[in-house]
Amino acid sequence: GQSLEQPSEVTAVEGAIVQINCTYQTSGFYGLSWYQQHDGGAPTFLSYNALDGLEETGRFSSFLSRSDSYGYLLLQELQMKDSASYFCAVRAPSGGYQKVTFGIGTKLQVIP
Amino acid sequence: DAGVTQSPTHLIKTRGQQVTLRCSPKSGHDTVSWYQQALGQGPQFIFQYYEEEERQRGNFPDRFSGHQFPNYSSELNVNALLLGDSALYLCASSWDQETQYFGPGTRLLVL
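Now for a quick tour of the structure. (Residues numbered from 1 in each chain as written. Chains lettered and ligands numbered in written order. Predicted model: local features only at pLDDT ≥ 70, side-chain atom pairs only at ≥ 80, totals over all residues. Heavy atoms only, no water.)

**Observations regarding the sheet that holds strand β1 (residues 3–5) of chain A**
All names here are of chain A. As summarised here, the arrangement of the five strands in space is β1-β3-β8-β7-β6, forming an open sheet in which the pairing is antiparallel. Taken across any chain shown, the strands that pair with only one partner, and hence form the sheet edges, are β1 and β6 (53–57). Adjacent strand axes in the sheet meet at a mean angle of 20° when their direction is disregarded. Judged from the five bridges that link them, β6 and strand β7 (residues 60–65) form a sheet pairing that is antiparallel. Bridged to Gly-53 within β7 is Leu-64. (Pairing = 2+ DSSP bridges. Helix = DSSP H or I, 4+ residues; strand = E, 2+ residues; numbered from the N terminus. Axes fitted to C-alpha atoms, helices over the stretch in contact; angles between N-to-C directions.)

Pasting the structure below:
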């Protein structure tokens, strides 16, 4: 099976940088995704890392280290609208196909 | 290009009833996955449909069943509803097993 760990809550100041970590345990691994979910909304895809290294998309970057079973999401120049829950999700083999397993989510609060 | 759509947006049922939720995938997507998200938790995988067949299933009882139609839209059926089935039900579509995109969800309340 798969299991993921990420902090339950993080608080950061507007304009600052915050890093949300995710460690995972899987039998097999294809990649790590990050999703953002505002209260009452649906998860929105942010990024996907299949290979080691940093992927940058605007103010958001995602990093993966396959050897450490670890990844993180980096949010720069934080804005109040970034207050949301952030989920890491691992894509791994399952019964000849791929299955996506989500972490419990990290609730990010951005304060003025 | 319409994204993933789901209906209804909200639903209230009583214990023992049955419910059907609907999902239309994003244009060009052929795979639909269903998730249950309880308050304060991450989405939990229910099952995935591809080419009108259930391709894989999570740890959910047989009360949860589904269907995929030739136009790739999908239904989730839950029989004999329990209070614990109250949750946000999310549909996610993808092209085969690539990145999943979520619909707005159906919020189900079982009384």
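**Quick notes on the state of the cysteines**
On inspection of all chains with the given rule, the structure shows two disulfides over all chains. Residue A:Cys22 pairs covalently with A:Cys88 via a disulfide, S to S 2.2 Å. An S-S torsion of about 75° defines the bridge between A:Cys22 and A:Cys88 as right-handed. In this pair, A:Cys22 sits in strand β3 (residues 18–25) while A:Cys88 sits in strand β9 (residues 84–94), placing the two residues 66 residues apart along the sequence. The residues A:Cys22 and A:Cys88 share a single accessibility class, namely buried. A sulfur-sulfur separation of 1.8 Å characterises the disulfide bridge that pairs B:Cys23 with B:Cys91. Taking the sign of the torsion about the S-S bond as the criterion, the disulfide between B:Cys23 and B:Cys91, at about -55°, is left-handed. Taken together, the positions of B:Cys23 in strand β3 (residues 19–24) and B:Cys91 in strand β9 (residues 87–94) put the pair 68 residues apart, joining distant regions of the chain. The same class applies to B:Cys23 as to B:Cys91, namely buried. (Disulfide = S-S within 2.5 Å. Buried < 20%, exposed > 50% of the residue type's maximum accessible area, 1.4 Å probe, protein only.)

**Section: the pattern of salt bridges**
Across all of its chains, the model carries five salt bridges over all chains by this definition. Its salt-bridge partner being A:Asp82, residue A:Arg59 comes within 2.8 Å of it at the nearest N-O pair. Taken as a pair, A:Arg59 in the loop between β6 and β7 and A:Asp82 in the loop between β8 (70–75) and β9 lie far apart in primary sequence, 23 residues in all. On the basis of relative accessible area, A:Asp82 is assigned to the buried category, the value being 2%. The shortest N-O distance in the salt bridge between B:Glu75 and B:Arg22 comes to 3.4 Å. Residue B:Glu75 is found in strand β8 (residues 74–78), and its partner B:Arg22 is found in strand β3; the two are separated by 53 residues along the sequence. Judged by its relative accessible area of 18%, B:Glu75 is buried. A relative accessible area of 42% places B:Arg22 in the partly exposed class. (Salt bridge = Lys/Arg side-chain N within 4 Å of Asp/Glu carboxyl O.)

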